[in-house]
Amino acid sequence: MKYKKIVVLTGAGISAESGLNTFRDMNGLWNNHSIEDVASLKGFSQNPHLVWKFYSMRRREAGSAIPNAAHHAITASLATLSDRGSSCLLITQNVDTLHERCQNKNMRFGNFGDPKCIAFCALHGSLNASDCVKFGAVFTDRNSYFDDDGNADVKNIEGLFQSEKYPELGINLVATSDGLPLSPCCNSLLRPHIVWFGETPFGVRECGRALYGCDLFVSIGTSGTVYPASNFVSYARDGRALTVCINPEPPANASHFQMHIHGKATEAVPNFFEKFAF
Ligand code: BV8
């Protein structure tokens, strides 16, 4: 076993070849939207329609995208390494659920420490869920509530939700007349299950522990500009890991990596695991 503890971090670049826009590349998501307006709690409280229009568009696009060779190579390689006794953690900054869609009965994601699986952390949340703003209940929700012109799109609303917190609430959604979705538990507003700027990412403590203890850290398709993910390479280096960056161009935190592989994810990722990890 070459590496006992492996952590992989991905960003929007790994989904670029599935046809999803990144954030900071040309024609990126942030070119057409102000971060403050669509990815902050302040923006949501000031204009929930604009935020739900942005995330409705993201849900439609992610829903029609499929995982690419890089997503599949990561899942298959980490599953093999995990079967051989390595502990593997996949952390993604992405909310598009393309990694989650690569699982099957032999390659499944689990929580930190679960045996024989790939531990998985969607650091910034998921497009496949919405939260009650009042009680924080998380509901499975893939609905697009507004079309690109900002018109309420209630005719396509799938009624059913399952809430982890309120499993009995598999019920119909009630959207307000102006198309904003209301929480099935208390009729307050629903918000996308997304970590916005200024909010605490999911699983940060567990990720930090895994990063300090790993012996291989691989960062794929991220510009290294968003904290705390941009610091993960430093935590791994402090723990004596080999740190590898796979990206077409040097990210903002390039100097922290010991190895750089310049290339697109679908070409570089499958080769990397073949050559270095087994
Ligand atoms: C927090 C919502 C406290 C989800 C997102 C001043 C200085 C430093 C930091 C701060 C500061 N002021 C505030 C902060 C903190 C702030 C931050 O970092 N701001 C930045 C902008 C300066 N961070 C936060 O607020 C975070 N919370 O800090 O809480 C805390 C911390 C620790 C512990 C407890 C409490 C919350 C951050 C999450 C914000 N939410 N988005 C969504 O809508 O999707 S962030 C957003 O950026 C996305 O989630 C995205 O994942 C993330 C990072 O972007 P990338 O994934 O890297 O995408 P990008 O477009 O930038 O780059 C794409 C890369 O792909 C490029 O390098 C490109 O070359 C490459 N690429 C392109 N094509 C390909 C490719 N790679 C491979 N193959 C290809 N084909």
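The sections below set out a description of the structure shown in this document.

Rules used throughout
Residues numbered from 1 in each chain as written. Predicted model: local features only at pLDDT ≥ 70, side-chain atom pairs only at ≥ 80, totals over all residues. Heavy atoms only, no water. Near = heavy atom within 4 Å. Polar contact = N/O pair within 3.5 Å; in protein donor to acceptor, adjacent residues only side chain to side chain. Areas by Shrake-Rupley, 256 points an atom, 1.4 Å probe, with all protein chains shown as cover. Nonpolar A, V, L, I, M, F, W, Y, C, P; charged D, E, K, R; others polar. Salt bridge = Lys/Arg side-chain N within 4 Å of Asp/Glu carboxyl O. Buried < 20%, exposed > 50% of the residue type's maximum accessible area, 1.4 Å probe, protein only. Pairing = 2+ DSSP bridges. Helix = DSSP H or I, 4+ residues; strand = E, 2+ residues; numbered from the N terminus. Contact = heavy atoms within 4.5 Å. Axes fitted to C-alpha atoms, helices over the stretch in contact; angles between N-to-C directions.

**Section: the site of the ligand**
The ligand sits among 35 residues. The nearest are Phe 23, Arg 24, Gly 198, Thr 222 and Ser 223. Within the side chain of Arg 24, one N or O atom sits 2.6 Å away from an oxygen atom of the ligand. Here the ligand loses 77% of its free accessible area of 1500 Å² to cover by the protein chains. By residue class, the composition of the shell around the ligand is 16 nonpolar, 12 polar and seven charged.

**Focus: the pattern of salt bridges**
Across all of its chains, the model carries four salt bridges by this definition. With a shortest N-O distance of 2.8 Å, Arg 191 and Glu 199 are connected by a salt bridge. Accessibility expressed as a relative area gives 10% for Arg 191, which makes it buried.

**Quick look at the sheet that holds strand β3 (residues 109-110)**
If you trace the seven strands from one edge of the open sheet to the other, you get β3-β4-β2-β1-β8-β9-β10, paired in parallel fashion. In this open sheet, the two strands that pair with only one neighbour each are β3 and β10 (259-262). Of the strand pairs in this sheet, strand β9 (residues 242-247) and β10 are connected by four bridges, and their pairing is parallel. Opposite Val 244, over in β10, you have Met 259 as the bridge partner. Packing of helix α6 (residues 204-212) onto the sheet brings it into contact with β1 (5-10), β2 (87-92), β4 (118-122) and β8 (216-220), and relative to β2 it is tilted by some 130°.

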